[in-house]
Structure formats: C-alpha cells, structure tokens
Amino acid sequence: MLTEVLEDSSLQLEERSSLPVIHIGMATCGLASGAKALHELILKEVASRNLAVKVVPTGCIGMCHNEPLVDITMPGKNRVSYRNVKPNTLTQILDAHFNKNEFAKKYAVCQIPVPGAEPFAGLPLMQEIPFFKGQVKIVSKRCGMIDPLSIDDYIAMDGYAALRKVLSSMTPEQVIDEVTKSGLRGRGGGGFPTGVKWNLTRKAPGPEKYVVCNADEGDPGAFMDRSVLEGDPHSVIEGMILAAFAVGHARKGYIYCRAEYPLAIKRLQKAINDARERNFLGDNILGSDLSFDLEIKEGAGAYVCGEETALLASLMGERGMPWPKPPFPAQKGVWGKPSVINNVETLANIGHIILGGGEWYASYGSEKTKGTKTFALTGSIKNTGLIEVPAGTPLREIVFSIGGGMVEKKIPFKAAQLGGPSGGCIPTSGLDTPVDFENVVSAGAIMGSGGIVVMDEAACIVDTAKFFLKFTQDESCGECTPCRVGSKIMLDILTRITEGKGQEGDLDELVRLSMYIKSNSLCGLGGAAPNPVLSTIRYFREEYEAHIRDKRCPGTVCNDLIKYVVIEEDCTTCGLCEPVCPSGSVTWEKGEVAHIDLTTCIRCKACVDACKFRAII
Amino acid sequence: MSQTKHIEVDQDFIENLCDEFGNREGTVVQILQRIQEKYGYVPADALDMIGEYLEIPKSKMYGVLTFYSQFYREPRGKYVLKICVGTACHVRGAGLLVDKVKEELKIEPGENTEDMLFTLEPVSCLGSCALAPMAMVTDTAYGKLSPDKMLGLIKDLESEHLSASEPA
C-alpha cells in the first residue's frame, strides 16, 4: 500500500538534484538524540572531504527510536536511511558512499525508492520493513522527506497545488462537498464530520468569519501534531486557506499552539512568512478575490485549552475556561463571529483530499472512520515513533507488527492506553479491536487524538489510572463542581489504594463517582476524566483487588506495597541487583540467589527496576 | 526556598508594550508573555502598571496570570530544568529523574537553587514520548535520560555557567 502512495508522491526532489543529498532528521525527537551536533559534524566532514553535496535538515519520518537518522541519496540511486548515527559511524557511512560507491550495510535501515533510480542490492525497501509495512502515509507523507523550512520543497511535492486547483476551478460548495465525500472526521479526537462543520460555519450569517487551528496538543503521550507542524508546516497553512475559502472567504485565521512546542512555533512562523511572500497568504491570494492572513497565538500552559470553547477564551486573552454549548463556535466563535475550529491533522489532510478526491480518501479506512490516522506509538515497545495507518487497523498489528512487540522480551504485554487522560486501557483480550472511532469506544477507550502508550506486565494499572486522574485534577479549570471536587475525591481514593490503605467498597464508590462526574461536568475534560479509572476497573478488577485486599502491587510499582523480597524460584542469580543498591543492602555471590537486608534497605526500588526477571516483589 | 529579590520594572518598556498591544482586543495573554520573555517572570509591579495604563481591573490581570501554568510570579533560575512527566515518560521513570534533581540540588518542584542557577519544573508532555524519559532546558531537548545522565547534564550546565562568567 505504501508503495502506491510513495510513487504517487513522486520524490521529485532527488530527481531535480544532480548533487548527492544528505538528509538529517531534525525534529524535536532528532534534536533530543543529538542531531544538532551531528549536523555540525556533517557540515565539517563535507567541507574537509571537499564534497559537492546538499545537506538538508528534515522533519520526523516516524522512526523516533532510530534517531538520529541520516539519509544519503547519491544521484541515480535510491535514498538510503541510516539509524542511530554516531560520529564514528558517520565517517564509515560517508566512506561507503563517497569513496566506494556502495552503502554501509551495518547501519542501514532501508532504502527509500526514488523514481527512476537504481536500487541497492541487499537492502530492504522502506515498505518492506515491518515498521512501514501496513502504514499508509497521506498526512505524514512529506514529514522526514522534505526540508520543512523550504517552501520550494513543499511545492515540489504537490504543495499549494490544491489551493491553485480550488482558486481556479472550484466553488466553496464544491470544496465542502469533496471534504464531506471524503468522510474526514475531526482528528483531534472529537470525530465530528469536517464537511458538516464547514457547512455550518458557511451557513452562519454575517460576512466576518474566522478559521482557527487547534494546535494545543495536550494529551500526554501524543505528538502527532508536533510532527506535522515541525515536518510539514505548510500543509497546515494550506488547509487553513482552503477552509477560509470554503466557509465564505474568512479573512483571518489563528493557529493556537501550545508553548511546549517552541520548534513547531518557529517553523510555523517561517512558513507563514514564506507563504506571504509568495502571495499564498495576504490580499487577493494568487490574483483571486480571496484575502486571508494568519497569526500564531501561543498558549501559556493549560490543558483545558484544547477544548474548543476554552481555546477561544484563551485566544481572546481571557482565562481559558470553557463555555456551555450552544452557542457553538460555528455560530459564535472568535470575537463572537462564526468560526471554524479544526485540529492540525484534520487541516493537513485537506490538501490531499482536494487533489486526490474525496472518494480516493474514503477508499481507505473502516466503515464509519474513513481515511488514515496518525498515532504516536510509545511505552514499552521496540519501535516507538509516529505512524500512519488506515483507520480500522487492528491494535495487534499496530503493537506487534509495526511496533515490533515488547521491548523486554521476557515481560509480556499488559495493556495499551489509548486516548490519553480521556481514554482507557485495552487489555490482551482486546488486541483484535479495529482502531477507529466506534470500535475503540466499544472496547472501553477512545481513539482520541492518537496517543498509544503500551504497557507491559511491569506496569501498574492502578498507578496508571492515578496518574491520569492526577493530571485531569491538576488541569481542571475549576469552573464546575463535579470535575473540580469529584476528581479530587477520586484521586484521594486511588492514592489510598496505592499506599496500601484501600478499603472494601472503594471500587464501588469510584464507579459511582465516575458516573456522576461523567454526566454532570460542563465540558469534555470533566466528562471524560473518569474514563481511565472506569476502563481499568472493567478489565483489571483483580489488580485493584490485589492492592486493596492483599496489599500487593503485581506490577511492583507502588512503593508502599513492595516487600523487597527475592523470590528464589524466579531469581536467575544474575547479580544485576547487587551493584545498583545504594545502601549496600543487597548481597549476592556468583551462582547464588540474591538476598536483601531489610534492616538497612531504604526502599529506593533500584533493585526492583534492575531485575529483568521480576524476581523481587 | 530562597528569598529572591524582585527586579525594578522598566516603565518605558511597559508603556511601549501597552502602545503596541493596548488598542487591540484580547491581548492580555500576549502582553504577559512579552513581560515574561524580558524578565523571566511577571513582576507584580509590571502587572499593576499595565492594569492602570490600559484600565484593566487588577482582578482580571491576576485571574489570567494565575490560570496558566507557564506564567511565573517569582524570579527563576538561569537554567530551568523542565522534566517531562507525561505518560510515556512516567512509565519509563520520569519520577526517578525528579527525585535525583531534588536530592542533588536540594530543591522541591517549582523552587530555585539559592544561587539562582537552577529551577526544577516538572512539566506536562513535551511531545518527545518516543525518547522517554526526556527533559528540556532552555528549548534544548534531551532524550533517553537516566538519573545519572540527569546528574551529568546538571554538571555540564554548571561548567557552562562557570566558563561563561569567567573573564575573557
């Protein structure tokens, strides 16, 4: 499937270039893995070797676990991708390509096909390796491929072609029709049909309208929007211009981006400036009667601002408190005017839908969730990163094929957390759930904006539920009582349970409170806050009961419940626990079972975390 | 926590800021962001001056200021150690990083070291979950951290500060 999309996207960039190209992944994930120093080193090496090459920083191709990534494209050859590149491997890689006319097999991950280029023998194609097999890249197809700072790179991969098409040959109604046909639904997690939303805003009375991009990606464990903003910022801008055209010539748009994403904001601002210079933004765009401009509004750290009405309040300089709907933003939004609010990924899809057609987009996905969805795949799995799959792909395929399975071979899968603080945990029995809006809800979680955190048996379900509740409790804006007080009481109960002070009846009380908070909260934050607790009680009741009745934490996470005893049968006498003990309480001799002296043990958990066999409980 | 001296607010700066933003709607958040950019926090004096200049009630200024977690009312250290405590970092040991900093620098979350060099600030998800646990210091991201690597980072920042303050 990926082949089709890749060929379709035609990597003209390399074709155009007669020079060799060195790409380096420089999104936040790359930078956090040392890409900046590596980039400097590449420039130095290139200069000292006197090479005529182009060095191009790119966004994230999704293989965050392999960062820093460096790709080399020699003229007439496929692009070769290298993982975890370090200074000493870099020299070997450059030697192979520039001195020996081959590739450095030891460090290569795959080769990315370049149309008309010669493949390398003995190296799998991108679409053949497990991480990419089964992925379909539409919204993320340019991420990691182009220089996000170059508007020409974007244009070379069909950028602003949708805008030209719309301005030269389509009416706003036709644009909305195409988006409706595509079946696209809000990718921020709400799942509201985008075409319907646009139509509502279009029909709202008044000449003054606004387009708002929700880039306040706050769910912990989710970074799909960051990847798109850092890797392909123009796609979001183009989507907003198309929205402005469709809803009735809106003149002004805002991108509300969270302050935790400084790099995304920087790249967006550069993209906006470049788009203005080429008249994709500004007055009479490309000679048409559409005039539209954009402004970035930086958030100031409040999760609730991802909720659309709270976002609008914040955008207008107020405390980010949600308001009851109706009125919906389509009727009364920014400055009281009709406004359309879409998530980053939703907007970045629009250009592709206009070019490929609504029917083409709808040919991917499941019955009620059309197209593709990006997911941030993290936690205790091998391949962590950003993926894009057709909606309805089974969870098992995402975790075990694309994700490569569990990171620790001996510790099995326990659950996947989907949908962040508003979502829930899906256990082993739910691994065959097709991941789309409806099926994930039946399984007790939500698809949400796309965060998937995989947990193994060494994770504690009660601790996870407590983590999310603490998060929502912190972030509750305090406006309505069920959310403000209810979440606090639930958190107190969960904290007691993890401290070994759980009582009979706690679970019933948690469920009762959950139901009350869900049905009486003002906005989505409160309404979904109990979900992580409800879904874990549904699937992992025994684990809660182990904490409450047996004062035992099966995942050995809750500090107060760990006994610091070595189980003889499980101890492999490997001795890993001994050197990590800061108080010298662990004694171990080669071939002997380790022993912990509880009189000196300071209960720091270093030995528990060091033991790969979970023999210390 | 050490008692830190508040700085003197530059009246001209505030007035210029008000002239730039004052006639536009809904710019309180942006004004506060600009003040924080300059001073590293929002001094109470600055808040009062703006309120008076733009005729915005004090209650509203404080309401906005205290709503958002990224506005600070106290001066902060030169290096703010933003340790991500999002889900992926949490399950991969972000708590151990926070503990290590607390132990090493003898400060609690939100506090500064006495020499005003460091501030410990656990933050919500920084969006580099694939490299959990991670931290960010002055917009530079550090991935795949461990308590020992965290310690190394603190030492590196200390020596960076020393070499910067040495006379040339």
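This structure is a prediction, so every number in the text was calculated from the model and none was measured.

1. A short note on the domain arrangement of chain A
Residues and elements named next belong to chain A.
- Parsing chain A into structural domains produces domain 1 (2-129), domain 2 (152-360), domain 3 (372-459), domain 4 (462-548) and domain 5 (562-617).
- Centre-to-centre, using C-alpha coordinates, domain 3 lies 22 Å away from domain 4.
- Taken together, the contact between domain 3 and domain 4 spans 15 residues of the former and 14 residues of the latter.
- Here domain 3 meets domain 4 over a buried area of about 1100 Å², counting both sides, of which 63% is carbon and sulfur.
- At the junction of domain 3 with domain 4, the criterion picks out one salt bridge.
- Of the charged contacts in the structure, one is a salt bridge between K414 and E543, with a shortest N-O distance of 3.0 Å.
- For the side of domain 3 that touches domain 4, the secondary-structure elements that each account for two or more residues are β13 (413-418) and β14 (424-427).

2. Regarding the packing of aromatic side chains
Residue and element names in this part refer to chain A.
- Tallying each qualifying case throughout the model produces 14 aromatic pairs over all chains.
- Between Y160 and F280, the aromatic rings sit 3.9 Å apart at their centres with planes inclined by 5°, giving stacked as the arrangement. Of this pair, Y160 sits in the loop between α6 (151-156) and α7 (161-169) while F280 is found in the loop between α12 (262-277) and β8 (293-298), placing the two residues 120 residues apart along the sequence.
- Residue classification places Y160 among the buried residues on the basis of a relative accessible area of 0%.

3. A few points about the interface of chain A and chain B
- Tallying the contact residues gives 51 residues for chain A and 38 residues for chain B.
- A buried area of about 3300 Å², summed over both sides, lies between chain A and chain B, and 56% of it is on carbon and sulfur atoms.
- On the surface where chain A and chain B come into contact, there are one salt bridge.
- Among the salt bridges present, the one from E318(A) reaches K60(B), with a minimum N-O distance of 3.1 Å.
- Run the count over chain A and chain B and you get 18 residue pairs in polar contact (both at pLDDT 80 or more).
- Breaking the side of chain A that touches chain B down by element, the ones donating at least two residues are α3 (28-32), β8, α13 (308-315), β10 (372-379) and α18 (461-475) of chain A.
- Its residues assigned to classes, the side of chain A that touches chain B shows 26 nonpolar, 14 polar and eleven charged.

4. As for the sheet that holds strand β6 (residues 210-215) of chain A
Residue and element names in this part refer to chain A.
- The strand order across the open sheet built from four strands is β8-β7-β6-β9, with neighbouring strands paired in parallel fashion. A single partner strand is all that each edge strand has here, and the edge strands are β8 and β9 (339-343). Neighbouring strand axes in the sheet, compared pairwise and without regard to direction, differ in orientation by 20° on average.
- Pairing between β6 and strand β7 (residues 252-257): six bridges, direction parallel. Within the sheet, the bridge partner assigned to A215 lies in β7 and is C257.
- Packed onto the sheet, helix α11 (residues 233-246) meets β6, β7 and β8 and runs at close to 150° relative to β6.
- Lying over the sheet, helix α14 (residues 344-356) contacts β6 and β9, oriented at roughly 95° with respect to β9.

Definitions and cut-offs
- Residues numbered from 1 in each chain as written.
- Chains lettered and ligands numbered in written order.
- Predicted model: local features only at pLDDT ≥ 70, side-chain atom pairs only at ≥ 80, totals over all residues.
- Heavy atoms only, no water.
- Domains from an automatic or database assignment.
- Contact = heavy atoms within 4.5 Å.
- Buried area = accessible area lost by both parts, 1.4 Å probe.
- Salt bridge = Lys/Arg side-chain N within 4 Å of Asp/Glu carboxyl O.
- Helix = DSSP H or I, 4+ residues; strand = E, 2+ residues; numbered from the N terminus.
- Phe/Tyr/Trp six-rings, centres within 6.5 Å; stacked < 30°, edge-to-face > 60°.
- Buried < 20%, exposed > 50% of the residue type's maximum accessible area, 1.4 Å probe, protein only.
- Polar contact = N/O pair within 3.5 Å; in protein donor to acceptor, adjacent residues only side chain to side chain.
- Nonpolar A, V, L, I, M, F, W, Y, C, P; charged D, E, K, R; others polar.
- Pairing = 2+ DSSP bridges.
- Axes fitted to C-alpha atoms, helices over the stretch in contact; angles between N-to-C directions.

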